[in-house]
Structures are given as C-alpha cells and as structure tokens.
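Structural characterization, general
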Amino acid sequence: MIAKEKRMAEVSIIVPVYQVENYLRQCVDSILAQTFTDFELILVDDGSKDRSGQICDEYAEMDERVKVIHKENSGPSDTRNRGIEQAAGNYFMFVDSDDYIAPTMVECLYQSILKENADIAACNFLYSFEDDRNQDFSTNIQWEVVSGAEIFYNRKNDRSCGYWTVVWNKLYKSKVFGKLRFRAGKYYEDEFWANDIYQMDIKMVTIPECLYYYRQHGNNSMKTTNSKKNLDILEALQDRIDIYLMDETHAAQAYRVLIYSLEYLEKSKRMITNREEKAKYLQAEKRTKDIVHQLRKRKLTNIQRTSLVFLELAPCLVFAVGMKFRGLLERFI
C-alpha cells in the first residue's frame, strides 16, 4: 500500500482492480471528475500482471484523495472486502474498474440518502458498448423509498432484478453496512451480498436517472463462465429460496426463483470437466431436489404442483425440455 495520512472523507469509493489497463484511466478519471468532491478513492489492485497497478500508483501521486492497495490475487470478493476495511467514509460505494460513472453520480446518491434519511441510494445504469452505443438497463425505475423486505420478497423477482442485485449502482451507509463482508472465493458475489443486506431492517431510495456506465465487452472475454461460476450463483439463489421457505406465504416466490435457478444447474452439468466439479454438481442437484420436495407441500397452483413432480425426478431434463417450449416454461412461472 502507498502510505498516506488517513483523511476523513464523507464518501469512500472502492474500486477493485484486475487486468484492466485499457479501461482503468477512464474509470478513475470519471471518479475524480465528480461534482461531489469530499471523497477518498481506494484502488485495490488484486495482483494484476499488466500495467494496472502502475496506473493506480500514478493516480495516487497526482491526487491526495487516491489510496492504493496492492495485494496478491484472491478474487473480487476479498478485494472488495479489503476496500471496506480501509474505508474511512461515512458512506461507501463500489465502481468496477472497467466501468465509469456520470459526473453527478456521487452527489445525486448522497443527496438522495440525506433527503429521505435512507440507508442505501441506488441509481439506474446504462449498458455501454464498445461502439459507443448506450442502452438503458430499465425504464421502470421510479423515485421511491422501499424497504429491504419489499425488495427481497418482491422486487428481486421482477424483470428489473439486476437493479436490486448489483453492488455498483448504490451508495451505502457505513454505520449500517460497514461490518458486512462479501463471501470469499465466490463468483456472483453480488447475489450473496443482496441476500444479506435485504434481510436487514433498511430502506432504500431509488433514482431513475442512469448515472453508471456498465461496460459490455464485444468478445465477452471478461464474462466467461464455467461450472464453478454457475454453481456459485445457484448456491446464492438456493440460499434465497431457503429464506422464502421459512414462511408459508412466500411459496410462490420460492417457486419462481427455483425455476430461474435451473438454468445454472443445467449449465454447470454441461461444463463439468473433472471429478471435483461433478461431486459439487451432484450436491447442488440434491439440494435442488430437496427444495422441490419442500415446495410440493406448499400452496401453489395446480400446474406448478404438477411441474414439481417431474422436477424432483430430473430437474435438468425438465429445464431442457422447457427451454425448447419456452411458452410452457413461462406458463409455469
């Protein structure tokens, strides 16, 4: 770490950095250009082998608000955790190092939290393509204040579920969330984080403006998948289902997430490359069948109950058939 006197900033902006030398300057420049200036920028270099670490150090030399942490590679969860541990602000937020933000993002989120006395503020975001096209993620977001329970049991299951799940379109109050940590070694750490924060007695203010630019890579090289990635997101979804199953009134939500989760179970099966992955897949499949068994005892529609009979026998086969007849699958949910 580049040693600097610890300054008390109102907002800590945490950027996990790994192998992004072609995008990092645009990301950091967009942060340093914020209309809200009372922040510290924490760049956590996760053992990059390219020039990303050097670029981080260059910015630390240029701007006293920039703090750099160099560490051995351990993945995005541990990297974000290191940033949280070093954060001195009353609020904190995350920006992915290949993305960038609008000049008013921090100010807008900060003022919204103060106005509504909320624990989190979230803004809409744009998909940013390499040909300079931008596309709204969702046009359904409105200015409102919602509880963690409303998000977890309802909003997380709508077509804008990504808005509620991703960590980087939000500003968090440190005294509420500062002791939380991401699950080490997990991909799709956002899903596990969302399970944790929305179980708390919190309220969020939502902002319709698109203030975050989520970069889409044409060759998809930074978003490749494998069996472990699919099993990790499946685990997070199954954790959510288990919470739903604790209350009889949330059976429909549990069923909906179950159907959604089958995609990742089926993908993980197709991508098995060794015995260890096969063993983990079989464990995940057993957990899926256990969930199906529990759901068969709950109050659901007749067609949902019928589907569960087949799902308990062969969940991946049922999903594959359902994908060939999409109308049938959509009828189930």
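Remember, predicted model here, so these are calculated numbers, not experimental data.

1. A few points about the pairing of strand β3 (residues 66–71)
- Among the 6 residues in β3, 5 count as buried, and that is most of the element.
- In the sheet, strand β2 (residues 39–46) pairs with β3 via 6 bridges, with the strands oriented parallel. In the sheet register, Leu 43 faces β3, and the bridge partner there is Val 68.
- As for the winding sense of the linkage, the β-α-β connection from β2 through helix α2 (residues 52–62) to β3 is right-handed.

2. Focus: the nonpolar core
- Val 11, Ile 13 and Leu 295 are the most contacted members of the largest nonpolar core, which has 98 residues in total.
- In terms of residue count, the dominant contributor to this core is helix α10 (residues 251–270) (9 residues).
- Setting aside residues up to four positions removed in sequence, Val 11 forms contacts with Phe 36, Asp 38, Phe 39, Glu 40, Gly 89, Tyr 91, Met 93, Val 106, Tyr 110 and Leu 171.

3. Details of the pattern of salt bridges
- Tallying each qualifying case throughout the model produces 27 salt bridges.
- Among the salt bridges present, the one from Lys 71 reaches Asp 78, with a minimum N-O distance of 3.4 Å.
- With a relative accessible area of 11%, Lys 71 lands in the buried category.
- The exposure class of Asp 78 is partly exposed, given its relative accessible area of 27%.
- Here Lys 280 makes a salt bridge to Glu 276, at a shortest N to O gap of 3.4 Å. Of this pair, Lys 280 and Glu 276 are both found in helix α11 (residues 275–295), 4 residues apart, which corresponds to roughly one turn of the helix.
- You can call Glu 276 exposed: its relative accessible area is 52%.
- Here the salt bridges do not stand alone but share partners, grouping Arg 183, Asp 196, Asp 239, Asp 242 and Arg 287 into one network.

4. Notes on the packing of aromatic side chains
- Inspection of the entire model under this criterion finds 22 aromatic pairs.
- Taking the centre distance of 5.3 Å and the plane angle of 20° together, the rings of Phe 92 and Tyr 172 count as stacked. Taken as a pair, Phe 92 in strand β4 (residues 91–94) and Tyr 172 in strand β9 (residues 170–173) lie far apart in primary sequence, 80 residues in all. Here the two residues Phe 92 and Tyr 172 agree in accessibility, since each one is buried.
- Ring centres of Tyr 163 and Trp 164 lie 5.0 Å apart, and the angle between their planes is 80°; this geometry places the pair in the edge-to-face category. Residue Tyr 163 shares its accessibility class with Trp 164, and that shared class is buried.
- Three or more aromatic residues joined by ring pairs make a cluster, and in this case those are Phe 92, Phe 94, Tyr 172, Phe 177, Phe 182 and Trp 193.
- The aromatic ring of Phe 94 is capped on one face by Arg 80, whose charged end is 5.5 Å from the ring centroid.
- In this arrangement the basic side chain of Arg 80 is found over the ring face of Phe 182, its NZ or CZ atom lying 5.5 Å from the centre.

5. Considering unusual backbone geometry
- Residue Asn 117 is not a glycine yet carries a positive backbone phi of 50°.
- As for its position among the elements, Asn 117 is in the loop between α4 (105–116) and β6 (120–129).
- The residue Tyr 188 is not glycine, and still its phi comes out positive at about 50°.
- Tracing the backbone shows Tyr 188 in the loop between α7 (174–177) and α8 (189–197).
- By relative accessible area, Tyr 188 is classed as partly exposed at 34%.

6. Examining the packing of α10 against helix α12 (residues 302–313)
- Where α10 meets α12, the axes come as close as 12 Å, and the angle between the chain directions of the two elements is 40°. Taken together, the axis directions place α10 and α12 in an arrangement best described as oblique. Note on packing geometry: the crossing formed by α10 with α12 is left-handed. Contact residues: α10 offers Tyr 255, Leu 258, Ile 259 and Leu 262, while α12 offers Gln 304, Ser 307, Leu 308 and Leu 311.
- Looking at the contact of α10 with α12 residue by residue, the classes come out as 6 nonpolar, 2 polar and no charged.

7. Some thoughts on the environment of Ser 48
- Of note, Ser 48 is situated in the loop between β2 and α2.
- Sequence-distant contacts of Ser 48, defined by excluding residues within four places in its chain, comprise Val 17, Tyr 18, Gln 19 and Gly 53.
- Looking at Ser 48, its side chain comes within polar contact range of the main-chain nitrogen of Gln 19, at 3.1 Å.

8. Re the packing of α11 against α12
- Across the interface, α11 lies against α12 with an axial gap of 9 Å and an inter-helix angle of 155°. The orientation of α11 with respect to α12, classified from their angle, is roughly antiparallel. Taken as a pair, α11 and α12 cross one another with a handedness that is left-handed. Where α11 approaches α12, its residues Lys 289, Val 292, His 293 and Leu 295 are matched on the opposing element by Leu 308, Leu 311, Glu 312 and Leu 313.
- Each residue belonging to the contact of α11 with α12 can be placed in one class, and the counts come to 5 nonpolar, 1 polar and 2 charged.

About the criteria used
Residues numbered from 1 in each chain as written. Predicted model: local features only at pLDDT ≥ 70, side-chain atom pairs only at ≥ 80, totals over all residues. Heavy atoms only, no water. Buried < 20%, exposed > 50% of the residue type's maximum accessible area, 1.4 Å probe, protein only. Helix = DSSP H or I, 4+ residues; strand = E, 2+ residues; numbered from the N terminus. Pairing = 2+ DSSP bridges. Right-handed = clockwise from strand over helix to strand, strands pointing away. Core = buried A, V, L, I, M, F, W, Y, C linked by side-chain atoms within 4.5 Å. Contact = heavy atoms within 4.5 Å. Salt bridge = Lys/Arg side-chain N within 4 Å of Asp/Glu carboxyl O. Phe/Tyr/Trp six-rings, centres within 6.5 Å; stacked < 30°, edge-to-face > 60°. Lys NZ or Arg CZ within 6 Å of the ring centre and 35° of its normal. Axes fitted to C-alpha atoms, helices over the stretch in contact; angles between N-to-C directions. Parallel < 35°, antiparallel > 145°, perpendicular 65-115°, else oblique. Left-handed = near helix turned anticlockwise from the far one by under 90°. Nonpolar A, V, L, I, M, F, W, Y, C, P; charged D, E, K, R; others polar. Polar contact = N/O pair within 3.5 Å; in protein donor to acceptor, adjacent residues only side chain to side chain.

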